[in-house]
Amino acid sequence: MSASQTPPAPAVPGDDEPTLLVKIFGKDRPGITAGLFDTLAAYSVDVVDIEQVVTRGRITLCALVTAPSPSQGSTGSTEGDLRATVHGWAESLNLQAEIISGRGDNRPRGTGRSHVTVLGHPLTAESAAAITAAITSTGGNIDRIFRLAKYPVTAVEFAVSGAETEALRTVLAPEAAQLGVDIAVVAAGLQRRAQRLVVMDVDSTLIQDEVIELFAAHAGCEAEVAEVTTAAMRGELDFEQSLHARVELLGGLDASVVEAVRKEVRLTPGARTLVRTLKRLGYQVGVVSGGFTQVTDALKEELGLDFASANTLEIVDGKLTGRVTGDIVDRAGKARLLRDFAQQAGVPLAQTVAIGDGANDLDMLNAAGLGVAFNAKPVVREAAHTAVNVPFLDTVLYLLGITRDEVEAADTHVG
């Protein structure tokens, strides 16, 4: 074929053209898919669609093909010949075959397409029944179901068409709360794969601790600080006022306490996996914290983060003064920093993901394209786009359509 010639367009059957749906069931083994299409090739049919799934060693293989025309085929020329040949091939392998006549391609999928990701620990049949019924109640159709992970949680993704994303969220959010599962609903399309910036809160999100409480333990005022922290996270106190009140209690501590606190910080289970996987996929990752740069800077270096911003404890003559310096990173500040990081990364705000647990994360979660409440306070769970209530931070990967197999494969191939 010369460079100026255009290859013929693939044949797409019209609505009235005869097609055959060939379904194969049985014990999986290598070569089944190749064997089916080698059998069909003798009839010169065109492949319109293929789907295959293997569950606990049992294969279900579906091929939608054009019906053979009378002039085609070297071993036979009719649909009956094709049926007999496929059934004979299947029986020789102890497989079952079903062939259904019809016309045209699959019916067009409805407008409004979404990915519904369900995280269960465990995922019960009762939960699956309620979720699928709720999807149906919106007018949505489940086009495909795919398991993303089997541990540390069961993660399943439903491809849904025929219902708007916001309508699905509205209906599924109360179901998630009642069933004790986590459900995320995101719009389908390229944008999902293009989310290239993830920004996290630090205390009780990236790490298991509240850093100011670690400092307070060294100052002997842990109980007083914890009480103020809890009230602030519930949204009962102004964050800036509570920050100044708590930091004041740290005045006089020797600066050597900073290194001690850094060593006491415990990463949340799955935190390293989350960051490592995102970085390997080309995402940029940052943290914003109402805590302190004395800790977040160390985390940035340890994990290879792209961005980090927090408050800074003032240190004079080797002692904590009980004050912070610079602009306060509060609720509004976190949202502002998310926008700043997105601009620096060259990422539209709609393609950002924010993760947090407290009331001071709400503006950031609402500003992001996808806001994830991680083991969050009730007020945060109710306001965020979605919530994750299992103690594994890397489960956020499943909300982005990344499977556990892909995570493990990436780990295997990188030294």
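Above this note sits the structure.
(A) Main features of the pattern of salt bridges. In the structure shown here, the tally under the stated rule is 15 salt bridges. The salt bridge involving Arg-169 is made with Glu-166; its shortest N-O contact spans 2.7 Å. One end of the pair is Arg-169 and the other is Glu-166, both in helix H4 (residues 165-179) and three residues apart, which spans about a single turn. Using a relative accessible area of 16% as the deciding quantity, one classes Arg-169 as buried. A network of salt bridges, in which partner residues are shared, links Asp-201, Lys-334 and Asp-361.

(B) Main features of the environment of Asp-306. Relative to the helices and strands, Asp-306 is located in the loop between helix H11 (293-303) and strand E11 (307-316). Considering only alpha carbons, one finds Asp-306 and Val-199, 107 residues apart in sequence, at a separation of 9.8 Å. When residues no more than four places from it in sequence are discounted, the contact partners of Asp-306 are Lys-279, Tyr-283, Gln-284, Val-285 and Lys-300.

(C) Spotlight on empty space enclosed by the protein. Scanning the model with the defined rule gives one cavity of 30 Å³ or more in all. In this structure, the largest cavity is lined by 15 residues; those nearest its centre are Asp-203, Glu-210, Phe-239, Gly-290 and Gly-291. Per-class residue counts for the lining of the largest cavity are five nonpolar, four polar and six charged.

(D) Layout of the packing of aromatic side chains. Going through the model one piece at a time under the given rule, you end up with two aromatic pairs. Ring centres of Phe-215 and Phe-292 lie 5.9 Å apart, and the angle between their planes is 85°; this geometry places the pair in the edge-to-face category. Of this pair, Phe-215 sits in helix H6 (residues 211-219) while Phe-292 sits in strand E10 (residues 284-292), placing them 77 residues apart in sequence. Each member of the pair, Phe-215 as well as Phe-292, is classed as buried. Relative to Phe-341, the ring of Phe-307 has its centre 4.8 Å away and its plane inclined at 15°; by these criteria the two rings are stacked. Placement of the pair is Phe-307 in strand E11 and Phe-341 in helix H12 (residues 331-345), with a sequence separation of 34 residues. You can call Phe-307 buried: its relative accessible area is 9%. Judged by relative accessible area, Phe-341 falls into the buried class, the value being 5%. Across from the ring centre of Tyr-151, 5.6 Å away, lies the NZ or CZ of Arg-404, which sits over that ring.

(E) Focus on the environment of Phe-25. Position of Phe-25 among the secondary structure elements: in strand E1 (residues 18-27). Note: C-alpha distance between Phe-25 and Cys-62 (37 residues apart in sequence) is 9.0 Å. Once residues lying within four places of it in the same chain are set aside, the contact partners of Phe-25 are Ile-59, Thr-60, Leu-95, Gln-96 and Glu-98.

(F) Spatial organisation of the sheet that holds strand E7 (residues 154-161). The sheet built from four strands is open, its strands ordered E6-E7-E5-E8 with antiparallel pairing. The sheet is open, and its two edges are formed by strand E6 (141-149) and strand E8 (182-187), each paired on a single side. This sheet shows a mean twist of 20° between the axes of neighbouring strands, independent of strand direction. Bridging between strand E5 (residues 113-120) and E8 involves six bridges; their strand directions are antiparallel. Within the sheet, the bridge partner assigned to His-115 lies in E8 and is Val-186. Sheet strands touched by H4: E5, E7 and E8. Its angle to E8, the strand with the most contacts, is close to 175°.

(G) Structural context of the packing of helix H3 (residues 125-137) against H4. At a minimum axis distance of 9 Å, the contact between H3 and H4 shows a crossing angle of 160°. Judged by the angle between their axes, H3 and H4 are roughly antiparallel. Every pair of crossing elements has a handedness; the one defined by H3 and H4 is right-handed. Along the contact surface, H3 presents Ser-127, Ala-130, Ile-131, Ala-134, Ile-135 and Ser-137, while H4 presents Leu-168, Val-171, Leu-172, Glu-175 and Leu-179.

Criteria and thresholds
Residues numbered from 1 in each chain as written. Predicted model: local features only at pLDDT ≥ 70, side-chain atom pairs only at ≥ 80, totals over all residues. Heavy atoms only, no water. Salt bridge = Lys/Arg side-chain N within 4 Å of Asp/Glu carboxyl O. Helix = DSSP H or I, 4+ residues; strand = E, 2+ residues; numbered from the N terminus. Buried < 20%, exposed > 50% of the residue type's maximum accessible area, 1.4 Å probe, protein only. Contact = heavy atoms within 4.5 Å. 1 Å grid on protein atoms, 1.4 Å probe; cavity = no way out; pocket = protein on both sides within 12 Å on 5 of 7 lines; lining within 4 Å. Points joined across faces, edges and corners; volume = space filled by probe spheres on them. Nonpolar A, V, L, I, M, F, W, Y, C, P; charged D, E, K, R; others polar. Phe/Tyr/Trp six-rings, centres within 6.5 Å; stacked < 30°, edge-to-face > 60°. Lys NZ or Arg CZ within 6 Å of the ring centre and 35° of its normal. Pairing = 2+ DSSP bridges. Axes fitted to C-alpha atoms, helices over the stretch in contact; angles between N-to-C directions. Parallel < 35°, antiparallel > 145°, perpendicular 65-115°, else oblique. Left-handed = near helix turned anticlockwise from the far one by under 90°.

It is worth stressing that arrangement in space is one thing and function is another; only the former is reported here.
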